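Close look at the chain arrangement
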Amino acid sequence: MPKPAQPFITQQQAELRERLPFSDRQDFEDATRGLIARRVPSAVTAEGGRTVWDNDTYAFLRGEAPDTVNPSLWRQSQLVAEQGLFEVVEGIYQVRGLDLSNITFVEGDTGVVVIDPLISTETAAAALALYREHRGERPVTGVVYTHSHVDHFGGVKGVTTQEDVDAGRVPVIAPEGFTEHAVAENVYAGTAMGRRAAYMYGAALARGPQGAVGAGLGQTTSTGTVTLIPPTLDVTTTGQEETVDGVRMVFQMAPNTEAPAELLIHFPDFRALCTAEDATHTLHNLLTLRGAVVRDPHAWSHALTEAVDLFGEATDVAFASHHWPTWGQERVVAFLEIQRDLYGYLHDQSLRLINKGWTGTEIAEYLKLPPALENAWNTHGYYGSVSHNLKALYQRYMGWFDGNPAHLWQHPPVEAGKRYVEFMGGADAVVDKARGSFDAGDFRWTAEVLSHVVFAEPDHAAARELLADTLEQLGYGAENGTWRNFYLSGTTELREGQFGTPTVTASADIVAALTPTMLFDALSIQIDGPRAWDENLTIDVHLTDADEHYRLRLANGVLSYTAASQKTAADVTLTSTVHALSELAVTGLTPEGLDRAGVRVEGDASALRRLTAVLDPGDQNFPIVTP
């Protein structure tokens, strides 16, 4: 059962209510401006009746924040939970509050161009239905993906079909490199990222003042069907202009900002700018807590400078793939500039301190934002945070090692935990001392020492209980929505045991978009090295429609591949099309899977069984706060 906030957290919340400018209601005006209609009820279900989204579960977000929620995060959650169809300007409409992200509809001559169709087909279809209910049965005449994260493309088959795209009726536009990055992120380390995302978005948490209140960027992720239709038109250069169904779009390339493949869109006929995810009403992640490649705030800051230079004078409204728009030319420019300065300041000041010998944890603890940035609501760390972003910056430039040789070869958590606990007088003594730290409100230290006990003695009930209580208090105090969810999810694991991963982004459509070499890479990642030490086999792959040949070789525990011509025969040869080969990632290398995919096998089929025998797929439910 959840417990109340401790006096130290209650005091922190009271101080924040006094210090922060809660009387500023501009964001609330903007978040509800242009409301046409809400979806009532908001729940969206999948086939079979399973609920994949229900914004009504956040109806408790009213009035003043309780002591169990940081009042700044409570305010942000109230804003992000606003749900419905909104007019941005005449001809541009958004459905917000129906997934983690927003979906945008831009009306053309005969239909509507869809920007960023959410995570799930079910939520995207519900959003399109809400739009059509109030704007008419307009066909979808184009789709734009602003970037390569799943919450901006996964629901595409809820708004259009592969058949319409293949027939040329619906172009799909995306930044250059989109497919490679979209697929790689959700397949290569997708299992681990998905598992940590379950903690990041509070998958196991009950909605309420002592549980999930939102993730800062959006309330949470939908859990429906993830799909992908590869782009038919790449945007490759800034200034590239495309017209779809009479809708003129001028693109700005923004690679290596919030995503490795990202673009911004200016609509000159509407004097509107879509900032994708490069300018939202929060400090974003340089390194998301679910895991990813560290993002480049230097490129991010420069992209926002370029957006101001290119479009600032010709823009009366800026809208994004999350949150609510900003209206007025001067307000738009000021918003973009403060977001630019936010990422630029973190980058430049972090490097300044790195070059003075500071470590990542030191920079994260002591570097503060200037007052002009700190006092703007849109710079607060509801999704990213100054603390973990600065550690990410250190990682980007310097790596994991802080230069102290004492940290060069540390014990892993279980072995370190055993030694710490022994040094501190045993598990019971550590727990007794930790109770004193808990009672003194030193929750950060309490969590650190108790984590050692739990890793040293996972069944120590008193340590687990007190660590759960400690993480709960840290969650109550967190301004950052994903920090809160991680802390409270850790509490759930300690109190109730492991829980599942509800959203699996490595869906059939994403896997089907793997190129042959990406499929080989995905297989190589799954090789259980020690089990494969003594294996030695070769597989030839012939792709008839692409006229491509590959040789795969498993030796020394490594699966390698090459397209070079070979002088020797392989153990087994697979003849396939590119599409059929990618299906093997779903059907598997079993005889049944090969037959279902239509792959012809010649030679020693036992080589495939030997390869399959050493594959070790990831665990979607691994523990995080326990060994």
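Now for a look at the structure at hand. Sequence order as written defines the numbering, with residues in each chain counted from 1. With pLDDT at 70 or above as the cut-off, local features in this predicted model cover only qualifying residues; side-chain atom pairs require 80 or more to be listed or tallied, and sums for whole chains, interfaces and linings still use all residues. Side-chain numbers here rest on the full set of heavy atoms in the structure, without hydrogens or water.

**Let's talk about the overall build of the protein chain**
Segments assigned H or I by DSSP are reported as helices when at least four residues long, segments assigned E as strands when at least two residues long, and all are numbered from the N terminus. Of regular secondary structure, the protein chain possesses 23 helices and 21 strands. Against the 2.2 N^0.38 benchmark of 25 Å for 627 residues, the protein chain shows a C-alpha radius of gyration of 26 Å, consistent with a compact globule. Principal-axis analysis of the C-alpha atoms gives the protein chain an extent of 70 × 70 × 55 Å. Exposure classes here rest on a 1.4 Å probe applied to the protein chains alone. A residue is buried below 20% of its type maximum, exposed above 50%, and partly exposed in between. Within the span of the protein chain, comprising 627 residues, buried residues form 56% of the whole. Where accessible areas are quoted, they stem from the Shrake-Rupley method and a 1.4 Å probe; at the residue level, only the protein chains shown are allowed to cover. Looking at the protein chain as shown, the accessible area adds up to about 25,800 Å², and 51% of this sits on carbon and sulfur atoms. The sign given to each residue is positive for Lys and Arg and negative for Asp and Glu; His and the chain ends receive no count. Here the site of a charge means atom NZ of a Lys, CZ of an Arg, CG of an Asp or CD of a Glu. Placing the 46 positive and 82 negative side-chain charges of the protein chain at their respective mean positions leaves the two points 4 Å apart. Every radius of gyration here is taken over C-alpha atoms, with the globule rule written as 2.2 Å times N^0.38, N being the number of residues.

**Things to note about the pattern of salt bridges**
By definition here, a salt bridge exists when the distance from a side-chain nitrogen of Lys or Arg to a carboxyl oxygen of Asp or Glu is within 4 Å. One pass over the structure, following the stated rule, counts 27 salt bridges. Lysine 3 is the salt-bridge partner of aspartate 469, the closest N and O atoms lying 2.9 Å from each other. Placement of the pair is aspartate 469 in helix H16 (residues 461–477) and lysine 3 in the segment before helix H1 (7–19), with a sequence separation of 466 residues. Ionic pairing is found between glutamate 107 and arginine 138, a salt bridge with its closest N-O pair at 3.5 Å. Taken together, the residues glutamate 107 in strand E6 (residues 103–107) and arginine 138 in the loop between helix H4 (121–135) and strand E8 (140–144) connect sequence positions 31 residues apart. Members of the salt-bridge network, linked through shared partners, are Lys3, Glu465, Asp469, Glu472 and Arg495.

**Observations regarding the nonpolar core**
Counting 83 residues, the largest nonpolar core has Phe105, Val143, Tyr145 and Ile539 as the members making the most contacts within it. Here this core takes six residues from H4, the largest share from any one element. If you look at the next biggest cluster of nonpolar residues, it comprises 33 residues, including Leu283, Val332, Tyr343 and Ile354. Working definition of a nonpolar core: buried Ala, Val, Leu, Ile, Met, Phe, Trp, Tyr and Cys residues. They are joined through side-chain atoms within 4.5 Å.

**Quick notes on the packing of helix H15 (residues 443–456) against H16**
Angles shown run from 0 to 180 degrees and are taken between the N-to-C directions of axes, each axis being a line fitted to C-alpha atoms and, for helices, limited to the stretch in contact. Relative to each other, H15 and H16 sit at 145°, their axes nearing to 9 Å. In this structure, H15 meets H16 at a crossing whose hand is left-handed. Residues Phe443, Arg444, Thr446, Ala447, Leu450, Ser451, Val453 and Val454 of H15 lie in contact with H16, whose contacting residues are Ala463, Arg464, Leu466, Leu467, Thr470, Leu471, Gln473 and Leu474. With the far helix as reference, a near helix turned anticlockwise by less than a right angle produces a left-handed crossing, and one turned clockwise produces a right-handed crossing. Working rule for contacts: check all heavy atoms of both residues, and any pair within 4.5 Å makes them a contact.

**Section: the pairing of strand E12 (residues 247–253)**
When you tally the buried positions in E12, you get six out of seven residues, the bulk of the element. Here the rule is simple: two strands pair whenever DSSP picks up at least two bridges between them. Connecting strand E11 (residues 241–244) to the antiparallel partner E12 that follows it, the hairpin turn spans two residues, and aspartate 245 within it adopts a positive phi of roughly 55°. As paired elements, E12 and strand E13 (residues 263–267) share four bridges and run antiparallel to each other. For methionine 253, the partnering residue across the bridge sits in E13 and is leucine 263.

**Here we look at the sheet that holds strand E15 (residues 317–319)**
One open sheet holds the six strands; their spatial order is E11-E12-E13-E14-E15-E16, and the pairing between them is mixed. Strand pairing shows two members of the sheet lacking a second neighbour, E11 and strand E16 (326–327), which therefore form its edges. In this sheet, E16 lies alongside E15 in antiparallel orientation, the contact comprising two bridges. Looking at the pairing, alanine 318 lines up with threonine 326 of E16. Lying on the sheet, helix H8 (residues 297–311) is in contact with E12, E13 and strand E14 (272–274); it crosses E12 at an angle near 145°.

**Section: the packing of aromatic side chains**
Pairs were defined over the aromatic rings of Phe, Tyr and Trp, the Trp ring being its six-membered one, requiring ring centres within 6.5 Å. Orientation was assigned from the angle between planes: stacked under 30 degrees, edge-to-face over 60, tilted for the rest. Scanning the entire structure with this criterion turns up 20 aromatic pairs. Ring centres 5.4 Å apart and planes at 85° place the aromatic pair phenylalanine 153 and phenylalanine 178 in the edge-to-face group. Taken together, the residues span a long stretch of sequence, with phenylalanine 153 in the loop between E8 and helix H5 (162–166) and phenylalanine 178 in helix H6 (residues 178–187) at a distance of 25 residues. The pair formed by phenylalanine 153 and phenylalanine 178 is uniform in burial state, with each residue classed as buried. Each ring, one from tryptophan 400 and one from phenylalanine 401, has its centre 5.4 Å from the other, and the planes form 50°; the classification is tilted. The class of tryptophan 400 is exposed, set by a relative accessible area of 65%. Taking the relative accessible area as the measure of exposure, phenylalanine 401 reaches 27% and is therefore partly exposed. Taken together, Phe8, Phe438 and Phe443 form an aromatic cluster joined through their ring pairs. Charge-over-ring placement is defined geometrically: NZ (Lys) or CZ (Arg) within 6 Å of the ring centre, and within 35 degrees of the ring normal. Directly above the aromatic system of tryptophan 377 lies the positively charged group of arginine 75, at a separation of 3.8 Å from the ring centroid. Stacked on the ring of phenylalanine 86, the Lys or Arg arginine 96 has its end atom at 3.9 Å from the ring centre.

**A short note on unusual backbone geometry**
Cis geometry is adopted by the peptide bond preceding proline 41, which originates at valine 40 and carries an omega value of -10°. Its location among the elements puts proline 41 in the loop between strand E1 (35–37) and strand E2 (44–45). One non-glycine residue, aspartate 116, adopts positive backbone phi at about 60°. Here aspartate 116 is to be found in the loop between strand E7 (112–115) and H4. Using a relative accessible area of 0% as the deciding quantity, one classes aspartate 116 as buried. Positive phi is not limited to glycine here, since aspartate 547 has a value of about 50°. Mapped onto the fold, aspartate 547 is located in the loop between strand E17 (536–543) and strand E18 (548–555).

**So, a nonpolar patch on the surface**
Like charges within 9 Å and nonpolar side chains (Val, Leu, Ile, Met, Phe, Trp, Tyr) within 5 Å are joined into patches, using only residues over 30% in relative accessible area that form no salt bridge. Side chains of Trp400, Leu408 and Trp409 sit close together on the surface and give an oily, nonpolar patch of about 510 Å² of accessible area. Within the secondary structure, leucine 408 sits in the loop between helix H12 (386–398) and helix H13 (413–423). The exposure class assigned to leucine 408 is partly exposed, which follows from its relative accessible area of 47%.

**Quick notes on the sheet that holds strand E21 (residues 600–603)**
Pairing is mixed across the open sheet formed by five strands, whose spatial order is E19-E18-E17-E20-E21. At either end of the open sheet lies a strand with only one pairing partner, and these are strand E19 (558–562) and E21. Here the strands of the sheet are splayed against their neighbours by 20° on average, with no regard to which way each runs. Direction of pairing for strand E20 (residues 572–576) relative to E21: antiparallel, over a ladder of four bridges. Within E21, the residue paired with threonine 573 across the bridge is glutamate 602.

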